[in-house]
Amino acid sequence: MESCSELSYTVPKLTDFSTSALDGAVRELFSALEQESAAVASENDWKAFRDRWMARKNGILTQLNDLWLKAAPGANKRDVGQRVNDLKPKVEQAVDATLARIQSGASSGKLAAERLDVTLPGIRRTLGAEHPVIKTMNEIIGGFRNLGYSVEEGPEIETDYYNFEALNFPPNHPARDTQDTLFIAWQESKPLRDRLLLRTHTSPVQIRTMQKMKPPVRVVCPGKVHRNDAPDATHSPIFHQVEGLAVDTNITFCDLKGTLDHAMKALFGSSVKTRFYPSFFPFTEPSADVQISCIFCGGKGCRKCKQSGWIELLGCGMVDPAVFAFAAEKQPAYDAKQISGFAFGMGVERIAMMKYGISEIGQFFAGDMRFLGQFA
Ligand SMILES: [Zn+2]
């Protein structure tokens with residue numbers, strides 16, 4: 001409400017009580033009521049407005065009684081009384097309506113202040129995507145799943161027994177050297193086979209699987225492994241492997257060749273050829289390295305395959321009877337005279353680097369979104 005000095009309306013003292021004079025006075029009063037109501041902008045304004053018109057003592061309605069009704073001559077009293085009575089509910093109504101207006105105005109002001117524009121773009125959360133290593137690992141696993149293999153996992157912190165001894169690593173094998181293996185500190189008081197280390201391959205999972213499952217067994221074991229390697233373009237102290245194990249009666253080297261040839265074709269395309277070279281691993285006999293025809297030049301020879309047309313990709317072999325003997329300590333069904341099997345293992349990063357043309361293994365682990373975003 002504007003300041004009181006601007007409220008110009010005062011109840012006139014009537015001297016003329018003719019109908020037309022009364023009509024005029026009432027019109028003037030209503031127009032003042034309307035104007036003052038329109039000027040009310042807050043609840044405090046409204047209280048002043050209400051009191052000005054309705055206060056028992058000296059409110060405008062009270063003044064009407066004194067200045068109009070009491071002043072009216074006897075002949076006009078009835079007419080004036082009727083008009084003053086009619087005015088009361090109209091003023092009350094106007095006061096109530098004014099309050100309703102400012103209250104709804106206040107809530108609409110509050111609404112305006114708290115307005116939420118649902119069409120604004122908002123904060124966009126970027127969708128996560130598979131890391132290229134995990135993606136490649138899942139592709140490798142997928143190929144073996146289609147052949148009926150299941151997935152087994154094991155601990156990353158292993159005992160010397162599972163990581164080396166049960167896999168037929170001779171006591172002086174270089175892999176047991178601290179140069180290659182990250183051992184957990186303060187283990188010297190334990191017997192060698194109980195000492196903890198970061199597993200150097202996922203092969204311990206093969207032993208753990210055979211200990212809990214009788215043959216036939218067909219499993220792939222994906223996971224993170226650790227070597228005490230200085231990082232360079234193709235070496236990282238952390239990398240991933242997928243190993244596989246198949247044990248049954250009458251498993252032969254032909255099964256191994258056919259399985260890996262199929263897996264490499266599933267991974268790199270049906271035109272890829274494989275070949276097997278004699279190799280050595282403590283836990284397989286005979287052992288082989290598997291090469292695939294160069295996926296870059298198709299076998300013609302290029303810089304990537306050092307002009308040979310072939311790329312070495314994984315190791316494999318027939319499970320050494322000594323390994324079955326370790327498994328048979330807990331699961332006698334692994335009798336090397338009754339069963340046979342093959343195992344293979346591959347580095348996931350190496351395959352991912354080939355598939356995606358990545359030259360630095362460290363890029364997988366640097367957490368650079370510009371690099372990783374390319375695989376989303
Ligand atoms: Zn090539």
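Please read these numbers as outputs of a predicted model, since none were measured by experiment.

Draft legend 1. Just the pattern of salt bridges, in detail. Per the stated rule, a full pass over the model turns up 12 salt bridges. Among the ionic pairs, arginine 208 bridges to glutamate 158, the shortest N-O distance being 2.6 Å. Here glutamate 158 lies in strand β2 (residues 157-159) and arginine 208 lies in helix α7 (residues 204-212), a separation of 50 residues in the sequence. Arginine 208 sits in the partly exposed class, given a relative accessible area of 28%. By relative accessible area, which is 1% here, glutamate 158 ends up buried. Shared partners join several salt bridges into a network, and the residues in it are Asp23, Asp79 and Arg83.

Draft legend 2. A look at the confidence of the model for the protein chain. On average, residues of the protein chain score 90 in pLDDT, and 98% of them are at 70 or above. In this model residues 1-5 is a low-confidence stretch, pLDDT under 50, and it forms 9 contacts with partners more than four residues away in sequence or in other chains.

Draft legend 3. Layout of the packing of aromatic side chains. The full count for this structure, using the stated rule, is 16 aromatic pairs. Clustering of aromatic rings is evident, with ring pairs tying together Tyr356, Phe364, Phe365, Phe371 and Phe375. The ring of phenylalanine 268 carries lysine 355 above its face, with NZ or CZ at 5.8 Å from the centroid.

Draft legend 4. Spatial organisation of the environment of glutamate 349. As for its placement among the helices and strands, glutamate 349 is situated in helix α10 (residues 348-356). C-alpha separation for the pair glutamate 349 and phenylalanine 17, spaced 332 residues apart in sequence, amounts to 107 Å.

Draft legend 5. Quick look at the pairing of strand β9 (residues 340-347). Counting buried residues along β9, 8 of its 8 residues qualify, which places the element largely inside the surrounding structure. Side chains Ser340, Phe342, Phe344 and Met346 of β9 all project onto a buried face; the interleaved residues Gly341, Ala343, Gly345 and Gly347 project onto the opposite face, where all are buried too. Of the pairings in the sheet, the one linking strand β5 (residues 238-248) to β9 comprises 8 bridges and is antiparallel in character. Note that in β9 the partner of valine 242 across the bridge is methionine 346. As paired elements, strand β8 (residues 310-319) and β9 share 5 bridges and run antiparallel to each other.

Draft legend 6. The coordination of the zinc ion, seen in detail. Within the first shell, the zinc ion binds the protein through Cys294 (SG), Cys297 (SG), Cys302 (SG) and Cys305 (SG), at distances of 2.2 to 2.3 Å. The coordination sphere of the zinc ion comprises 4 donor atoms, whose angles at the metal cover 105 to 114°; the geometry is tetrahedral. One chain supplies every donor for the zinc ion, spaced along it as C-x2-C-x4-C-x2-C. Grouping residues by exposure puts cysteine 297 and cysteine 305 together as buried.

Draft legend 7. Examining the packing of helix α1 (residues 19-39) against helix α4 (residues 74-113) more closely. In contact at an axis separation of 10 Å, α1 and α4 are set at 15° when each is read in the N-to-C sense. As far as their axial angle goes, α4 and α1 are roughly parallel. Between α1 and α4 the crossing geometry is right-handed. Within the contact between the two elements, α1 uses Thr19, Leu22, Asp23, Val26, Leu29, Phe30, Leu33, Ser37 and Ala38 and α4 uses Asp79, Val80, Arg83, Leu87, Lys90, Val91, Ala94, Thr98 and Arg101. Partitioning the contact of α1 with α4 into residue classes produces 10 nonpolar, 3 polar and 5 charged.

Draft legend 8. Seen up close, the nonpolar core. In terms of nonpolar packing, the biggest core is built from 44 residues, with Phe144, Leu260, Met264, Phe268, Leu313, Phe344 and Met346 touching the most fellow members. Elements with a minimum of two residues in this core: α5 (132-145), β5, α8 (253-268), β7 (284-293), β8, β9, α10 and α11 (369-372). Of all the elements, α8 adds the most residues to this core, at 6 residues. Once residues lying within four places of it in the same chain are set aside, the contact partners of phenylalanine 144 are Tyr149, Val220, Thr259, Leu260, Ala263, Phe344 and Met346. Among the nonpolar cores identified, the runner-up in size contains 27 residues, and Ala25, Val26, Leu29 and Val84 belong to it.

Draft legend 9. Region of the structure containing helix α3 (residues 60-69). Restricting attention to buried positions, one finds in α3 the residues Ile60, Leu61, Leu64 and Trp68. Buried residues of α3, viewed axially, fall in a sector of 95°; they line one side. Structurally, α3 contributes buried residues whose contacts are with α1, α2 (43-54) and α4.

Draft legend 10. Expanded view of α8. With 16 residues, α8 should cover 22 Å at 1.5 Å per step; its first-to-last C-alpha distance of 22 Å lies within 8% of that length. On its buried face, α8 is in contact with α5, β6 (274-281), β7, β8, β9 and α10. Looking one or two places after α8, you find glycine 269, whose phi comes out positive at around 110°.

Draft legend 11. Structural context of the packing of α2 against α4. At a minimum axis distance of 10 Å, the contact between α2 and α4 shows a crossing angle of 180°. The angle between α2 and α4 places the two elements in the roughly antiparallel class. Where α2 approaches α4, its residues Glu43, Trp46, Phe49, Arg50, Trp53 and Met54 are matched on the opposing element by Val91, Glu92, Ala94, Val95, Thr98, Leu99 and Ile102. A class-by-class count of the residues in the contact of α2 with α4 yields 9 nonpolar, 1 polar and 3 charged.

Conventions and cut-offs
Residues numbered from 1 in each chain as written. Predicted model: local features only at pLDDT ≥ 70, side-chain atom pairs only at ≥ 80, totals over all residues. Heavy atoms only, no water. Salt bridge = Lys/Arg side-chain N within 4 Å of Asp/Glu carboxyl O. Helix = DSSP H or I, 4+ residues; strand = E, 2+ residues; numbered from the N terminus. Buried < 20%, exposed > 50% of the residue type's maximum accessible area, 1.4 Å probe, protein only. pLDDT = per-residue confidence, 0-100. Contact = heavy atoms within 4.5 Å. Phe/Tyr/Trp six-rings, centres within 6.5 Å; stacked < 30°, edge-to-face > 60°. Lys NZ or Arg CZ within 6 Å of the ring centre and 35° of its normal. Pairing = 2+ DSSP bridges. Donors = N, O, S within 2.8 Å, 3.2 Å for Na, K, Ca; no water. Tetrahedral: all angles 85-135°; square planar, octahedral: opposite > 155°, others 65-115°. Axes fitted to C-alpha atoms, helices over the stretch in contact; angles between N-to-C directions. Parallel < 35°, antiparallel > 145°, perpendicular 65-115°, else oblique. Left-handed = near helix turned anticlockwise from the far one by under 90°. Nonpolar A, V, L, I, M, F, W, Y, C, P; charged D, E, K, R; others polar. Core = buried A, V, L, I, M, F, W, Y, C linked by side-chain atoms within 4.5 Å. Arc of directions from axis to C-beta. Expected span 1.5 Å × (residues − 1).

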